[in-house]
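# Structural overview for review
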Amino acid sequence: MTRWYPRQTTKKGGINPPVTKWNRIGESSSASRRYQDRVHEKLAIAGYVQLTPGVIFIYERAPWRIVEIVDRLQDWDDEHEAMFAGILRAWERSQRGDKPERATWAGRPFVVVAVPDQDPTAKPVHLEAPAHYTWQILPEHYLICRACGELPPCRHEEAETSADREMARTEVLMEIPAGHCMSCGEHITRRQKSTRFPGPNLWRPDLPEHSAIFHAREECSDGVDRYRTAWEARGGTRPQTTLSFNDLGEAS
Ligand SMILES: [Zn+2]
Ligand SMILES: [Zn+2]
């Protein structure tokens, strides 16, 4: 079960061979559930790719193909030596589980040598990562943006989707009727408390003065906070808190 489905964009990959048994905390309570768990386990294991030369992975939005994997087991830098020594000391104090081994320590460094998949003659990169690092693996047939060569979502797509989202938000703000809450856009009833910012409406310059009003409720406080920041930057000092109809009733 190592196939890729047509719509599957990535699998998870790593240095270690696929596990044969899942690390499970507790067990399901019925025999049929335990059976299903074992089936899911097989499928999850099939979704994992062990890194080998030829495997394609994502690095900085681009596809790279592995040329070589170097295990620097005998040649760790001081930082890794110190980290492993610390793990050994911790184990000696606790004596819990098996004694950590250099060859199987999850933090041991590997170097993956890879070339751009689009340009195999380019200078290879040497990427160092700990053994527990999860790589994003690509199938042989993957999508790239024709305009920029990046994997989707490319930087253009991200910029365009965020611009569209911002535009949609602005359109909704521009549709809020005068007198409605500038945060949620809904009507403020006589029973609801509100906060009003005097002066020109900074978000809706098309509306009259003193029209920046918000529900005083938690749900709309984010809008109040954002408006207050802009309002204070323009020299505003104290918004007016309007009592609701209810409060007026109680006071009399
Ligand atoms: Zn692009
Ligand atoms: Zn509101």
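Look a little higher up for the structure.
The text that follows walks through the structure, step by step, so that each part is easy to find. Being a predicted model, the structure only gives us computed values, none of them experimental. (Residues numbered from 1 in each chain as written. Chains lettered and ligands numbered in written order. Predicted model: local features only at pLDDT ≥ 70, side-chain atom pairs only at ≥ 80, totals over all residues. Heavy atoms only, no water.)

### A word on the coordination of the zinc ion (ligand 1)
Tetrahedral coordination by four donors sets the ideal angle at the metal to 109.5 degrees; octahedral coordination by six donors sets it to 90 or 180 degrees. Taken together, the protein ligands of the zinc ion (ligand 1) are Cys145 (SG), Cys148 (SG), Cys154 (SG) and His156 (ND1), with distances of 2.2 to 2.8 Å. One can describe the donor arrangement at the zinc ion (ligand 1) as irregular, given that its 4 donor atoms subtend angles of 91 to 139° at the metal. Here the donor residues of the zinc ion (ligand 1) share one chain and are spaced in sequence as C-x2-C-x5-C-x1-H. (Donors = N, O, S within 2.8 Å, 3.2 Å for Na, K, Ca; no water. Tetrahedral: all angles 85-135°; square planar, octahedral: opposite > 155°, others 65-115°.)

### Focus: a negative patch on the surface
Taken together, the side chains of Asp75, Asp77, Asp78 and Glu79 define an acidic patch exposed on the protein surface. Counting through the fold element by element, Asp78 comes out in helix α2 (residues 78–94). (Patch = residues over 30% accessible without salt bridge, like charges linked within 9 Å, V, L, I, M, F, W, Y side chains within 5 Å. Areas by Shrake-Rupley, 256 points an atom, 1.4 Å probe, with all protein chains shown as cover. Salt bridge = Lys/Arg side-chain N within 4 Å of Asp/Glu carboxyl O. Lys, Arg positive; Asp, Glu negative; His and termini not counted. Charge placed at Lys NZ, Arg CZ, Asp CG, Glu CD. Helix = DSSP H or I, 4+ residues; strand = E, 2+ residues; numbered from the N terminus.)

### Topic: helix α4 (residues 221–233)
For α4, built from 13 residues, the straight-helix expectation of 18 Å at 1.5 Å per residue is met to within 8% by its first-to-last C-alpha distance of 18 Å. Looking at α4, one finds that the buried residues are Gly223, Val224, Tyr227 and Trp231. Looking straight down α4, one finds its buried side chains confined to an arc of 95°; they lie on one side. Exposed residues on α4 whose side chains face more than 90 degrees from its buried face are Thr229 and Ala233. Packing partners of the buried residues in α4 comprise β8 (194–197) and β9 (212–215). (Expected span 1.5 Å × (residues − 1). Buried < 20%, exposed > 50% of the residue type's maximum accessible area, 1.4 Å probe, protein only. Arc of directions from axis to C-beta. Contact = heavy atoms within 4.5 Å.)

### Observations regarding the pairing of strand β1 (residues 11–14)
Bridging between β1 and strand β7 (residues 135–138) involves 3 bridges; their strand directions are antiparallel. Looking at the pairing, Lys12 lines up with Gln136 of β7. Pairing geometry for β1 and strand β2 (residues 48–50), over 3 bridges, is parallel. For Lys12, the partnering residue across the bridge sits in β2 and is Tyr48. In terms of handedness, the path from β1 via helix α1 (residues 31–46) over to β2 forms a crossover that is right-handed. (Pairing = 2+ DSSP bridges. Right-handed = clockwise from strand over helix to strand, strands pointing away.)

### Describing the sheet that holds strand β4 (residues 62–71)
In space, the 7 strands of this open sheet follow the order β2-β1-β7-β3-β4-β5-β6, with mixed pairing throughout. Every other strand in the sheet has two partners, leaving β2 and β6 (125–130) as the edge strands with one partner each. Strand after strand, the sheet turns through a mean of 50° between neighbouring axes, direction not considered. By the bridge criterion, 2 bridges tie strand β3 (residues 56–59) to β7 in an arrangement that is antiparallel. Counterpart to Ile56 in the pairing with β7 is Leu138. (Axes fitted to C-alpha atoms, helices over the stretch in contact; angles between N-to-C directions.)

### A short note on the coordination of the zinc ion (ligand 2)
For the zinc ion (ligand 2), the full set of protein donor atoms is Cys181 (SG), Cys184 (SG), His215 (ND1) and Cys220 (SG), at a range of 2.1 to 2.4 Å. If you look at the zinc ion (ligand 2), its 4 donor atoms make angles of 99 to 116° with each other, and the shape they trace is tetrahedral. Sequence spacing among the residues donating to the zinc ion (ligand 2) works out to C-x2-C-x30-H-x4-C. Classification of Cys220 by relative accessible area gives buried; the value is 0%.

### Section: the pairing of β9
In β9, alternate side chains face the same way, and those of Ala212 and Phe214 on one face and Ile213 and His215 on the other are all buried. Sheet topology places β8 next to β9; 4 bridges connect them, and they run antiparallel. Looking at β9, one finds that Phe197 is bridged to Ala212.

### Overview of the environment of Pro198
Residue placement: Pro198 occurs in the loop between β8 and β9. Look at Pro198 and you get partly exposed, because its relative accessible area is 22%. For the pair Pro198 and Trp4, spaced 194 residues apart in the sequence, the C-alpha separation amounts to 60 Å.

### Here's the deal with the pattern of salt bridges
Counted by the stated rule, this structure contains 11 salt bridges. Of the charged contacts, one joins Asp206 and Arg204 as a salt bridge, the two residues approaching to 2.9 Å between their closest N and O atoms. Of the charged contacts, one joins Asp225 and Arg228 as a salt bridge, the two residues approaching to 3.7 Å between their closest N and O atoms. Pair noted here: Asp225 and Arg228 are both in helix α4, with a separation of 3 residues, about one helical turn. Residue classification places Asp225 among the partly exposed residues on the basis of a relative accessible area of 43%. Given a relative accessible area of 28%, Arg228 falls into the partly exposed group.

### Comments concerning a nonpolar patch on the surface
A surface patch of nonpolar side chains, about 280 Å² in accessible area, is lined by Tyr35, Val39 and Leu43. Residue position: Tyr35 is located in helix α1.

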